[in-house]
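# Architecture at a glance
Chain by chain, the residues run as shown.
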Amino acid sequence: MTAGITDTAHAVDAAVVMGLLPARPRLLALGEPTHGEEALLGLRNDLFRQLVEREGYRTITIESDCLMGLVVDDHVTSGTGTLDEVMARGFSHEWGAFPGNRELVRWMRAYNEGRPASERVRFAGFDGPLEITAAASPRQALTALHGYLAARVDAGLLPCTAETLDRLLGADEQWTNPAAMMDPTRSVGRTAEARELRLLADELVAVLDAQTPHLVAASAQDDWDRARLYGRTATGLLRYHFAMADTSPSRMARLLGVRDSMMAANLLALAERGPTLVHAHNSHLQRQKSSMRMGGLPVEWWSAGALVSAQLGEEYAFLATALGTIRHHGVETPPPDTIEGLLYALPEDRYVVDSRRLAATIGEVAPAARVSPWFGYAPLDPAHLSGTDGLVFVKDAVSSR
């Protein structure tokens with residue numbers, strides 16, 4: 001068995017990855033089974049550099065706040081702010097503290113130095129402004145969208161004034177209250193003000209769409225792209241807050257689905273710009289339906305990868321990543337009858353595997369599902385192997401902290 005798997009394994013190289021695919025995808029998704037491991041971030045950085053230098057990729061997007069990501073993009077493209085400031089303000093989930101992310105930003109800024117705009121690499125976050133325990137106020141996105149339109153179209157076309165938005169939004173603290181995640185009655189997502197804001201956000205996006213020819217001609221490309229981002233984010237956040245106030249049994253499935261839907265919309269917008277490397281958890285990028293147990297009950301929803309794949313077809317490619325050990329979190333050598341165990345028996349530290357050939361080598365005997373001893377690590381579901389275009393394996397994650 002090991003000899004057969006060896007024939008499917010190759011170094012993680014951009015040319016090898018492209019050789020697994022029928023054509024260069026607009027979105028090349030690289031998953032990870034856990035967040036923050038430097039071995040995985042270093043692999044991502046290496047692959048992105050190769051994709052930029054050899055394959056013409058110009059954008060990387062990660063599972064971080066899409067609005068905060070604008071701070072990083074401004075820095076790497078034009079040098080706005082210091083590296084320390086950007087790492088502090090440009091990432092959600094505290095991911096600015098990861099050395100691998102800092103090295104990515106530093107390299108991107110150095111690469112862009114002296115290059116024309118058409119050749120510069122770009123950064124984007126594609127997650128919504130969401131945390132595990134709370135969601136952001138829609139203020140930033142709504143007011144930015146209104147300000148963009150107010151500066152470019154007749155005031156009579158706008159559904160409201162900036163003062164009306166401010167009054168309806170109220171204090172940001174009521175939107176970000178972490179108690180609302182566990183108690184829907186603490187959410188403001190279904191108040192009269194929130195319902196009116198949803199209508200106004202929809203009307204503002206409608207103006208953006210209806211005035212597209214004029215706005216494209218009157219705007220720099222980046223301003224137009226950001227206005228569309230503000231529109232997607234405003235409507236998505238208001239939809240998310242509405243779901244937070246839901247008291248039905250479908251509440252968590254709805255919240256998870258809204259988040260991945262917001263991710264998918266951002267990814268499709270980036271695909272319009274050009275070939276992009278996407279980096280996020282495997283569960284957000286997989287083609288199969290996502291599931292988890294919460295409160296002892298199963299919750300199911302479609303991931304961003306599934307939504308994007310349904311629209312882009314072969315122009316979306318997904319490389320799942322599996323890990324052997326994370327000993328600093330109690331994840332030891334994998335059992336030999338799991339996918340991770342089969343791959344761990346190979347001598348190399350990291351490699352990419354042709355998923356189709358691996359499945360053929362394994363044959364009809366399905367590998368066992370690995371059990372994770374640590375909540376922060378999600379082993380690869382053997383049933384999901386068929387939904388990948390390749391499998392990246394990293395033998396050992398070593399703590400850098």
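The structure this text deals with has already been given above.
All values reported here derive from a predicted model rather than from experimental measurement.

Calculation notes
- Residues numbered from 1 in each chain as written.
- Predicted model: local features only at pLDDT ≥ 70, side-chain atom pairs only at ≥ 80, totals over all residues.
- Heavy atoms only, no water.
- Salt bridge = Lys/Arg side-chain N within 4 Å of Asp/Glu carboxyl O.
- Helix = DSSP H or I, 4+ residues; strand = E, 2+ residues; numbered from the N terminus.
- Buried < 20%, exposed > 50% of the residue type's maximum accessible area, 1.4 Å probe, protein only.
- Pairing = 2+ DSSP bridges.
- Contact = heavy atoms within 4.5 Å.
- Axes fitted to C-alpha atoms, helices over the stretch in contact; angles between N-to-C directions.
- Core = buried A, V, L, I, M, F, W, Y, C linked by side-chain atoms within 4.5 Å.
- Parallel < 35°, antiparallel > 145°, perpendicular 65-115°, else oblique.
- Phe/Tyr/Trp six-rings, centres within 6.5 Å; stacked < 30°, edge-to-face > 60°.
- Lys NZ or Arg CZ within 6 Å of the ring centre and 35° of its normal.

Here the focus is the pattern of salt bridges. Following the criterion strictly, the structure yields 22 salt bridges and no others. Residue Glu-103 pairs with Arg-106 through a salt bridge whose shortest N-O separation is 2.7 Å. Residue Glu-103 and its partner Arg-106 are both found in helix α6 (residues 99-112); the two are separated by three residues, about one turn of the helix. Across the pair Asp-127 and Arg-259 runs a salt bridge whose closest N-O atoms are separated by 2.6 Å. With Asp-127 in strand β4 (residues 122-127) and Arg-259 in helix α14 (residues 251-273), this residue pair connects regions lying 132 residues apart in the sequence. The exposure classification of Asp-127 matches that of Arg-259, with both residues buried. Within this structure, Asp-73, Asp-74, Arg-122, Asp-222 and Arg-226 form a network of salt bridges that share partners.

Moving on, we get to the sheet that holds strand β9 (residues 350-353). Across the sheet, eight strands lie side by side as β1-β9-β10-β8-β2-β5-β3-β4; this open sheet has mixed pairing. Among the strands making up the open sheet, the edge pair consists of β1 (9-10) and β4. Relative to strand β10 (residues 390-396), β9 runs antiparallel, the two sharing four bridges. By the bridge assignment, Val-353 is partnered in β10 with Leu-391. Sitting on the sheet, α14 touches β2 (27-32), β3 (59-65), β4 and β5 (276-281), and the angle it makes with β4 is about 155°.

Next up on the list: the nonpolar core. Within the largest apolar cluster, 45 residues are counted, with the highest numbers of intra-cluster contacts made by Leu-28, Phe-48, Met-108 and Phe-123. Counting residues per element, this core draws most heavily on helix α3 (residues 38-55), which supplies seven residues. Ranked by size, the runner-up nonpolar core spans 33 residues in total, among them Phe-126, Leu-267, Leu-285 and Ala-304.

Contact geometry of helix α13 (residues 221-244) with α14 gives a least axis separation of 9 Å together with a crossing angle of 175°. Classified by the interaxial angle, the pair formed by α13 and α14 is roughly antiparallel. Residue-level contacts link Asp-225, Arg-228, Leu-229, Arg-232, Thr-233, Gly-236, Leu-237, Arg-239, Tyr-240, Ala-243 and Met-244 of α13 to Arg-251, Arg-254, Leu-255, Val-258, Arg-259, Met-262, Ala-265, Asn-266, Ala-269, Glu-272 and Arg-273 of α14.

For the rest of this paragraph, the subject is the packing of aromatic side chains. Evaluation of the coordinates by the stated rule reveals six aromatic pairs. Here Tyr-351 and Phe-393 contribute two aromatic rings whose centre-to-centre distance is 5.7 Å and whose plane-to-plane angle is 35°, an arrangement assigned as tilted. Separated by 42 residues along the polypeptide, Tyr-351 in strand β9 and Phe-393 in strand β10 bring together distant segments of the chain. Taken as a pair, Tyr-351 and Phe-393 share a single burial class, namely buried. Their ring planes at 65° and their centres at 6.2 Å tell us that Trp-374 and Phe-375 sit as a pair that is edge-to-face. You can call Trp-374 buried: its relative accessible area is 17%. Members of the aromatic cluster, each reached through a chain of ring pairs, are Phe-48, Trp-107 and Tyr-111. For Arg-190, the ring lying beneath its charged end belongs to Phe-242, and the centroid distance is 3.7 Å. Note that Arg-198 overlies the ring of Phe-242, its terminal NZ or CZ placed 4.6 Å from the centroid.

For the rest of this paragraph, the subject is unusual backbone geometry. The phi torsion at His-93 lies on the positive side, around 60°, for a residue other than glycine. Residue position: His-93 is located in the loop between α5 (83-89) and α6. One non-glycine residue, Glu-94, adopts positive backbone phi at about 65°. Residue placement: Glu-94 occurs in the loop between α5 and α6.

Structurally, the position occupied by Ser-64 is in strand β3. The residues contacting Ser-64, other than those within four sequence positions of it, are Gly-90, Phe-91, Ser-92, His-93, Trp-95, Gly-125, Phe-126 and Asp-127.

Of all 10 residues in helix α4 (residues 69-78), eight are buried; the element is thus mostly enclosed. Regarding α4, the residues found buried are Gly-69, Leu-70, Val-71, Val-72, Asp-73, His-75, Val-76 and Thr-77. The secondary structure elements touched by the buried residues of α4 are β3, α5, α6, β4 and α13. Downstream of α4 by one or two residues, Gly-79 has phi in the positive range, about 80°.

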